[in-house]
Amino acid sequence: MAVVLRSLLRPARAPAPARLLLRAPARLSSAGTQFQYLLVEKKGAKQNVGVIQLNRPKALNALCDGLMNEMNQALDFFEKDPDVGAIVITGSEKAFAAGADIKEMQNRTFQECYRGNFLAYWNRVSLVQKPVIAAVNGYALGGGCELAMMCDIIYAGEKAQFGQPEILLGTIPGAGGTQRLTRAVGKSLAMEMVLTGDRISAQEAKEAGLVSKIYPVEKLLEEAISCGEKIAGNSKLVTAMAKEAVNAAFEMTLTEGNKMEKRLFHATFATDDRKEGMAAFVEKRKANFTDH
């Protein structure tokens, strides 16, 4: 596939407003990593929530190859950081992500797309073990909507808009839009959105089950981080098991899903955190989880 991969590690140069130095944990890298398209940092009172902010304001955070490669690297940093228990992905107040970068995609051929499995690497977001929260303000269209749906929880600002307008460009969603949207909102609404390119509001998205909560624009990121802190305060090991069990509901029959849930439930009894959690409940104190 003739995909242009941008180098993520860049030589030192004069600071630019679109770049932020991520101070990675020393165990991962002793040097900083510069991102061109993202702002990356740890948030929360205990610095246990990783925040990835898309930062292509002039392009309304359009998802180019470079941005998605940087996204994967930032996810890898937080996945390996033992202090981080949840990850928040967000954009600007105007746009979470207005779609894929059409100018970059425009001249690709079928042979390039098929041979290189174009867009397959976008799926990294859905494979992260740690819970991922999308904090969506403004436009979440096309690839932006698909990126949000790859996350485990979606919080929306009051003015957020969701849509899959690929049909208006003579193509169809290619990063899970037809599949995840249908599972989230049902066949009729998904079909309408995909076939017409029409958008839905944050309120309509919540009513349809795509979004779990809606907040004022200026409060959205704060609330998403607060949710991340709640999650990070639990056992990271058991949280990963819980996430795996819920995700199995989308991949398995009810019988198979129940079997997996039971196996994972039984597996928690081999953990120190299950013992600590139940002991703390009986002793009426707060649990001190060690992720073992």
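Anyway, here's the lowdown on the structure attached to this text. Throughout, residues of each chain are indexed from 1 in the direction in which the sequence is written. Only residues with pLDDT of at least 70 get local features here, since the model is predicted, and only at 80 or more are side-chain atom pairs given and counted; chain-wide, interface and lining totals rely on the full set of residues. Each side-chain value is derived from all of the structure's non-hydrogen atoms; neither hydrogens nor water enter the calculation.

Here's the deal with the sheet that holds strand β6 (residues 95-97)
For two strands to be treated as a pair, DSSP must find at least two bridges joining them. Secondary structure elements are defined from DSSP: runs of H or I of at least 4 residues count as helices, runs of E of at least 2 residues count as strands, and each element is numbered from the N terminus. Taken in spatial order, the four strands of this open sheet run β6-β8-β10-β11, and their pairing is mixed. At either margin of the open sheet sits one strand with a lone partner, and together these are β6 and β11 (199-201). Neighbour-to-neighbour, the strand axes of this sheet turn through a mean angle of 20°, independent of strand direction. Pairing of strand β10 (residues 161-163) with β11, which is carried by three bridges, proceeds in the antiparallel orientation. What sits directly across from F162, in β11, is I200. Running at roughly 90° to strand β8 (residues 139-141), helix α5 (residues 143-150) makes contact with β6, β8 and β10 of the sheet. A fitted line through C-alpha atoms serves as each axis, taken over the contacting stretch for helices, and the angle formed by two N-to-C directions is quoted from 0 to 180°. Every residue pair with non-hydrogen atoms within 4.5 Å of one another is taken to be in contact.

Comments concerning the packing of helix α10 (residues 236-248) against helix α11 (residues 254-268)
In helix packing, the relevant descriptors are the interaxial angle and the interaxial distance, both defined with respect to the helix axes. In the contact formed by α10 and α11, the axes pass within 9 Å of each other and the chain directions differ by 175°. As summarised for this structure, α10 and α11 are arranged roughly antiparallel, according to the angle between their axes. Every residue of α11 that contacts α10 at V238, M241, E244, A245 and A248 is listed here: M260, L264, A267 and T268. Residues are grouped as follows: Ala, Val, Leu, Ile, Met, Phe, Trp, Tyr, Cys and Pro are nonpolar; Asp, Glu, Lys and Arg are charged; every other residue, Gly included, is polar. Counted by class, the contact of α10 with α11 contains seven nonpolar, one polar and one charged residues. An angle counts as roughly parallel when it lies under 35 degrees, as roughly antiparallel when it exceeds 145, as roughly perpendicular when it falls between 65 and 115, and as oblique in every other case.

Quick notes on the pattern of salt bridges
Any carboxyl oxygen of Asp or Glu that lies within 4 Å of a side-chain nitrogen of Lys or Arg is treated as forming a salt bridge with it. Per the counting criterion, the structure on display carries ten salt bridges. Where E276 meets R285, a salt bridge forms, and the shortest distance between an N and an O atom there is 2.7 Å. Each residue is placed in one exposure class: buried if its accessible area under a 1.4 Å probe, protein chains only, is under 20% of its type's maximum, exposed if it is over 50%, and partly exposed if it falls in between. On the basis of relative accessible area, E276 is assigned to the buried category, the value being 17%. The exposure class of R285 is partly exposed, given its relative accessible area of 38%.

So, the layout of surface pockets
Empty space among the atoms can be located by rolling a probe the size of a water molecule over them. Grid spacing is 1 Å over the protein atoms alone, the probe is 1.4 Å, and a cavity is where that probe fits but cannot get out, while a pocket is an open set with protein on both sides within 12 Å along at least five of seven lines and lining residues have an atom within 4 Å of a point. Grid points are joined across faces, edges and corners, and a volume is the space filled by probe spheres set on the points. Looking at the largest pocket, its volume works out to about 850 Å³. As for the largest pocket, its lining consists of 30 residues, and the residues nearest its centre are M149, C151, D152, N247 and F250. Elements that contribute at least two residues to the lining of the largest pocket include exactly α4 (124-127), α5, β9 (153-157), α6 (177-185) and α10. Take the lining of the largest pocket: its biggest share by element is seven residues, from α10. Partitioned by chemical class, the residues of the lining of the largest pocket number 17 nonpolar, seven polar and six charged. There is about 630 Å³ of room inside the second largest pocket. Surrounding the second largest pocket, 30 residues form its lining, A100, D101, I102, M105 and L169 being those nearest its centre. Elements supplying a minimum of two residues to the lining of the second largest pocket: α2 (102-105) and α5. Here the element with the most residues in the lining of the second largest pocket is α2; it accounts for three residues. Here the residues of the lining of the second largest pocket are counted per class, giving 16 nonpolar, seven polar and seven charged.

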